[in-house]
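# Notes for the structure review
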Amino acid sequence: MASAMTDRTSRAGNTYTYTSRPRALPCQRRRYRDSFLQAEEEPVHYGNIMYDRRVIRGNTYALQTGQLAGQPDPLELQRRQQAKRRALARKRAQEQLRPRTPEPVEGRKHVDVQTELYLEEIADRVIEVDMECQTDAFLDRPATPLFIPAKTGKDVNTQILEGELFDFDLEVKPMLEVLVGKTIEQSLLEVMEEEELANLQAMQHAYEEIRNIELAEVQRLEEQERRHREEKERRKHQQWEIVNKHNETSQKIAARAFAQRYLADLLPSVFSSLRDSGYFYDPIERDIEIGFLPWLMNEVEKTMEYCMVGRTVLDMLIREVVERRLNMYENKDKHQSLKPEDMYGGPGTMRDPTVGYDFQEQSLSHTQRPLLDRDDPQRMSYGDPSQERKYMDEGELLGQSEETAIRKSTGKDELQ
Amino acid sequence: MPLPDTMFCAQQIHIPPELPDILKQFTKAAIRTQPADVLQWSAGYFTALSRGDPLPIKDRLEMPVATQKTDTGLTPGLLKILHKQCSHKQVVDLADLEQKWKNLCLPIEKFRAVLELDPCKKQIEWIKFLALGCSTLGGSLNTAMKHLCEILTEDPDGGPARIPFETYAYVYRYLAGLDPDISAGETEYYLTNLKESIESRKNGMIGLSDFFFPKRTV
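What you are looking at is a predicted structure, and each value in this text was computed from that prediction instead of being measured.

### Structural notes on the overall build of chain A
Broken down by element type, chain A carries nine helices and zero strands. Along chain A, helices and strands appear, N-terminal first, in the series α-α-α-α-α-α-α-α-α. Among the 416 residues that make up chain A, the fraction classed as buried is 11%. Nonlocal contacts in chain A, meaning residues at least 24 apart in sequence, comprise 55% of its contacts between residues at least 6 apart. Just so you have it, chain A exposes about 38300 Å², and 56% of that area is on carbon and sulfur atoms.

And the structure:
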């Protein structure tokens, strides 16, 4: 190995090379167990791989490739040279310190010689011999032989009679102690335990009993309370209903009284309005009004028409007569005719039918008497409504007061 | 396995397997019953046990009351023991009863005093004796009935101690009959009232709450 080292350091090379002389690899297997006589092995240079310069650490893509084409780094060179110098210096110093045997005398030579009792052949070659050994298959470890100590002491014999070895009372005492003591202790414990449990149970039962009683009491009171409450509710309800009814009744009474008063006038007003509308009629009066009076009016109208016709005829007659007379007068100035006689005759004839009608009227019914009674006082009244004036105009020439009186009466009736 | 003739070591001592159990039961009974005379009571206990009778033990540990009004040592617990022992028969022999009384370490004079309330020859109806015992326990008729209910009931302790109404009525009549102050009419009236109040329950049982109103300490 030393040679290998020198090889390495001597090359101040541009390239890193490593060569070593071929050497026999030391066998890793220890040949001998405890070999005190083994030659000292060459020290194997173990190195920590972490600090081995051959192992590249770090990133490999940015490596310093070192000196390409063998250009020595001057810094590196210098360092190597310095290291070399230091090593040399160290070695020289050590050599100087080490005591050495003196140099041989002139003409003599130092020779290494063995000085031990037995000479030893020093050779590199190790003597190797193969040895074999084999154990028996599956042999168990044999049993330990009984240890029988050697006999020591003297032999002596004796005889035991009955009852000597064993005293019952003595022997039994510890047993009895245990038996009785334990029994008492155990039974005491058990009794206390049982007593405690029984006490607890008794208390529990007593409590339960009290609770049950109280529960029953509570229920009873609750029941009572509930009943009271229901009773109260019912009474209240009843009372409320009664009050309600009272109110209703009073309202009804008030309403009825008011309605009565309000409608008190109803009947009279209804009757009066009905009466006003003419629903209550005297049937006879109505009958007269409906039946009799129109007929009367018709008759009156007819009579009037007859009168009118008669008057017209009379007028015509008179006119004719007058004309004739005039003609005659004009023709014959001497004839002073009998005119006034005709005049009186005419109305007289006229009067009869009207009087006849009057009597007809009387004969119709009794009720028309008051009409006639009324006629008499009214004959004198001339200042009467215009209808009479009209009739008056027509009869003015003749001075027919009786006729006009009759007409007045009929007109009055009509009016009424 | 019979004991070997010679025993050599403690391991050879054989304890019967039932023994510990018997001992334990006996000890517990003794602790609970607290008899005045342990020997006497133990004799009674084991006699009853061997015969298969009900044992003279209290079910619950009863603390002795400081001031015993009756001064007999007779407590409801003891009466209950007697009841347990004798209730299967309707009529008990007086001799038998006396023996049981003694086993409970109760004074015998008191026994005679109780019997004097209602004298009888050789036998007595058990329920009557029980009623008499209850009456000697407490002051009034009501407390006697209360004790009776508690003794006779099948309900658990502390619960409503209910007994059939007929039993109650019978005992009440009997005790009221013995008491010269209460008239028969009053008794009947009281009983009818009670009967009405429990009619609703439909099981014919009367409980403590129906007739006994303890003073509540608030």
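### Overview of the overall build of chain B
In terms of regular secondary structure, chain B is built from ten helices and four strands. Listing the helices and strands of chain B from first to last along the sequence gives α-α-α-β-α-α-β-α-α-β-α-α-β-α. A burial count over chain B gives 40% of its 218 residues as buried. Sequence-distant contacts, at least 24 apart, represent 56% of the contacts inside chain B between residues at least 6 apart.

### Considerations on a positive patch on the surface
Taken together, the side chains of Arg53(A), Arg80(A), Lys84(A) and Arg85(A) define a basic patch exposed on the protein surface. Mapping Arg85(A) onto the fold places it in helix 2 (residues 74-97).

### Examining helix 1 (residues 19-33) of chain B
Between its first and last C-alpha atoms helix 1 of chain B spans 21 Å; for 15 residues at 1.5 Å apiece the expected length is 21 Å, and the two agree. Buried within helix 1 of chain B we find Phe26(B), Thr27(B), Lys28(B), Ala29(B), Ala30(B), Ile31(B), Arg32(B) and Thr33(B).

### Overview of the side chain of Glu190(A)
Within the secondary structure, Glu190(A) sits in helix 3 (residues 168-264). Here Glu190(A) is in contact with Lys24(B) and Lys28(B), once residues within four sequence places are set aside.

### A word on the interface of chain A and chain B
Contacts between the two partners involve 26 residues from chain A and, on the opposite side, 24 residues from chain B. Taken over both partners, the interface formed by chain A and chain B buries close to 2300 Å², and the fraction arising from carbon and sulfur atoms is 69%. Scanning the region where chain A abuts chain B turns up four salt bridges. Residue Glu194(A) pairs with Lys28(B) through a salt bridge whose shortest N-O separation is 3.0 Å. Linking chain A with chain B are four residue pairs in polar contact (both at pLDDT 80 or more). Considered class by class, the residues forming the side of chain A that touches chain B number 13 nonpolar, six polar and seven charged.

### Digging into the UniProt feature "coiled-coil region" (unreviewed entry) in chain A
UniProt marks residues 211-241 of chain A with the feature "coiled-coil region" (unreviewed entry), using the numbering shown here. Between the C-alpha atoms that bound residues 211-241 of chain A there is a distance of 44 Å. The span itself is 100% helix and 0% strand.

### A short note on the packing of aromatic side chains
All names here are of chain B. Under the definition given, this model contains 13 aromatic pairs over all chains. Geometrically, the ring pair formed by Tyr172 and Tyr190 is stacked, given 4.9 Å between the ring centres and 25° between the ring planes. Of this pair, Tyr172 sits in helix 8 (residues 165-178) while Tyr190 sits in helix 9 (residues 184-199), and the two are 18 residues apart along the sequence. Note on Tyr172: relative accessible area 8%, which makes it buried. Members of the aromatic cluster, connected to one another through ring pairs, are Phe26, Trp41, Tyr45 and Phe46.

### Brief notes about a nonpolar patch on the surface
All names here are of chain A. Taken together, Phe258, Tyr262, Leu263, Leu266, Leu267, Val270, Phe271, Tyr279 and Phe280 make up a surface patch of nonpolar side chains, about 940 Å² in accessible area. Among the secondary structure elements, those contributing two or more residues to the nonpolar patch are helix 3 and helix 4 (266-277). By residue number, the principal contributor to the nonpolar patch is helix 4, which donates four residues. Note that Leu267 resides in helix 4.

### Comments concerning unusual backbone geometry
The phi torsion at Gln34(B) lies on the positive side, around 50°, for a residue other than glycine. Its location among the elements puts Gln34(B) in the loop between helix 1 and helix 2 (38-51).

### Here we look at the confidence of the model for chain B
All names here are of chain B. A residue-level look at chain B finds 84% of positions with pLDDT of 70 or above and a mean pLDDT of 77. For chain B, per-element mean pLDDT is lowest for helix 10 (residues 208-211), which scores 70, and highest for helix 2, which scores 89. This model gives residues 66-70 a pLDDT under 50, and the stretch forms five contacts once residues within four places in sequence are excluded. Scored as a complex, the prediction yields pTM 0.43 and ipTM 0.73.

### Focus on the nonpolar core
Residues and elements named next belong to chain B. If you look at the biggest cluster of nonpolar residues, it comprises 46 residues, and the most contacted ones within it are Phe129 and Tyr168. Those elements that provide at least two residues to this core are helix 3 (76-86), helix 4 (94-103), helix 5 (108-117), helix 6 (126-137), helix 7 (141-152), helix 8, helix 9 and helix 10. Three or more residues apiece are contributed to this core by two domains, here domain 1 (33-58 + 67-125) and domain 2 (140-218). For Tyr168, the residues in contact, after removing those within four places along its chain, are Met145, Cys149, Ile163, Tyr190, Leu191, Leu194, Ile206 and Phe211. In this structure, Ala29, Ala30, Leu55 and Ile57 belong to the second largest nonpolar core, which totals eight residues.

### Topic: the confidence of the model for chain A
Residue and element names in this part refer to chain A. The predicted model of chain A has a mean per-residue pLDDT of 76, with 70% of residues at 70 or higher. When mean pLDDT is compared element by element in chain A, helix 3 scores highest at 92, while helix 1 (residues 2-10) scores lowest at 46. Low pLDDT, under 50, characterises residues 339-357; the stretch is placed with 13 contacts to residues that sit more than four places away or in other chains. This stretch, residues 359-387, has a pLDDT under 50; its non-local contacts, to residues over four places away or in other chains, come to 27 contacts.

### Some remarks on the packing of helix 3 of chain B against helix 7 of chain B
Residues and elements named next belong to chain B. Between helix 3 and helix 7, the least distance of the axes is 10 Å, while the angle of their chain directions is 50°. Between helix 3 and helix 7, the interaxial angle falls into the category oblique. Note on packing geometry: the crossing formed by helix 3 with helix 7 is right-handed. The segment helix 3 lies against helix 7, with Pro76, Leu79, Lys80 and His83 engaging His147, Glu150, Ile151 and Leu152. Of the residues contributing to the contact of helix 3 with helix 7, the split by class is four nonpolar, two polar and two charged.

### Focus on the pattern of salt bridges
Under the criterion given, the structure shown has 19 salt bridges over all chains. Across the pair Arg54(A) and Asp52(A) runs a salt bridge, and its minimum N-O distance is 2.8 Å. Ionic pairing is found between Lys236(A) and Glu233(A), a salt bridge with its closest N-O pair at 3.7 Å. Placement of both Lys236(A) and Glu233(A) in helix 3 is noted, with a separation of three residues, approximately one turn of the helix. Here the salt bridges share partners, and the residues they tie into one network are Glu190(A), Glu194(A), Lys24(B), Lys28(B) and Arg32(B).

About the cut-offs
- Numbers given for residues are sequential positions, taken from 1 along each chain in its written order.
- Chains carry letters and ligands carry numbers; both start at the beginning, A for chains and 1 for ligands, and go up in the order they are written.
- In view of the model being predicted, local features appear only for residues whose pLDDT reaches at least 70, and side-chain atom pairs are presented and counted only at 80 or more, with totals across whole chains, interfaces and linings using the full set of residues.
- Each side-chain value is worked out from all heavy atoms of the structure, with water and hydrogens disregarded.
- Helix and strand labels come from DSSP, where a helix needs a run of H or I of at least four residues and a strand needs a run of E of at least two; each type is numbered from the N terminus.
- Under the scheme applied here, a residue whose accessible area is under 20% of the maximum for its type counts as buried, over 50% as exposed, and between as partly exposed, the area being computed with a 1.4 Å probe on protein chains only.
- Contacts were defined at the residue level, with two residues in contact if any of their heavy atoms lie within 4.5 Å.
- Methods summary: accessible areas were calculated by the Shrake-Rupley approach with a probe of 1.4 Å, and residue burial reflects only the protein chains presented.
- By definition, no residue in a patch forms a salt bridge, and every one has over 30% relative accessible area; like charges are joined within 9 Å, nonpolar side chains (Val, Leu, Ile, Met, Phe, Trp, Tyr) within 5 Å.
- By salt bridge we mean one thing: a side-chain nitrogen of Lys or Arg within 4 Å of a carboxyl oxygen of Asp or Glu.
- His is not counted here, nor are the chain ends, while Lys and Arg score as positive and Asp and Glu score as negative.
- To locate a charge, the coordinates of NZ of Lys, CZ of Arg, CG of Asp or CD of Glu are taken.
- Multiply 1.5 Å by the residue count of a helix minus one, and that product is the helix's expected span.
- By buried area we mean how much accessible surface two parts lose on assembly, using a 1.4 Å probe and totalling the loss over both.
- We define a polar contact as two N or O atoms separated by no more than 3.5 Å, with the added condition that, inside protein, one atom must be a possible hydrogen donor and the other a possible acceptor, whereas residues neighbouring each other in sequence contribute only through side-chain atom pairs.
- Any residue outside Ala, Val, Leu, Ile, Met, Phe, Trp, Tyr, Cys, Pro, Asp, Glu, Lys and Arg is labelled polar, Gly included; the first ten of those are nonpolar and the last four are charged.
- UniProt positions are given in the numbering used here, feature names are shortened, and annotations may be inferred rather than shown by experiment.
- Here the aromatic set is Phe, Tyr and Trp, taking the six-membered ring for Trp, and pairing holds for ring centres within 6.5 Å; pairs whose planes are under 30 degrees apart are stacked, those over 60 apart are edge-to-face, and all others are tilted.
- Residue-level confidence of the predictor is what pLDDT reports, using numbers from 0 through 100.
- As used in this record, nonpolar core signifies buried Ala, Val, Leu, Ile, Met, Phe, Trp, Tyr and Cys residues forming a set joined through side-chain atoms within 4.5 Å.
- Where each domain starts and ends follows an automatic or database-derived domain assignment.
- Each axis is a line fitted through C-alpha atoms, taken for helices only over the stretch in contact, and angles between the N-to-C directions span 0 to 180 degrees.
- Between 65 and 115 degrees an angle is taken as roughly perpendicular, under 35 as roughly parallel, over 145 as roughly antiparallel, and anywhere else as oblique.
- What makes a crossing left-handed is the near helix being turned counterclockwise from the far one by less than a right angle; a clockwise turn instead makes it right-handed.

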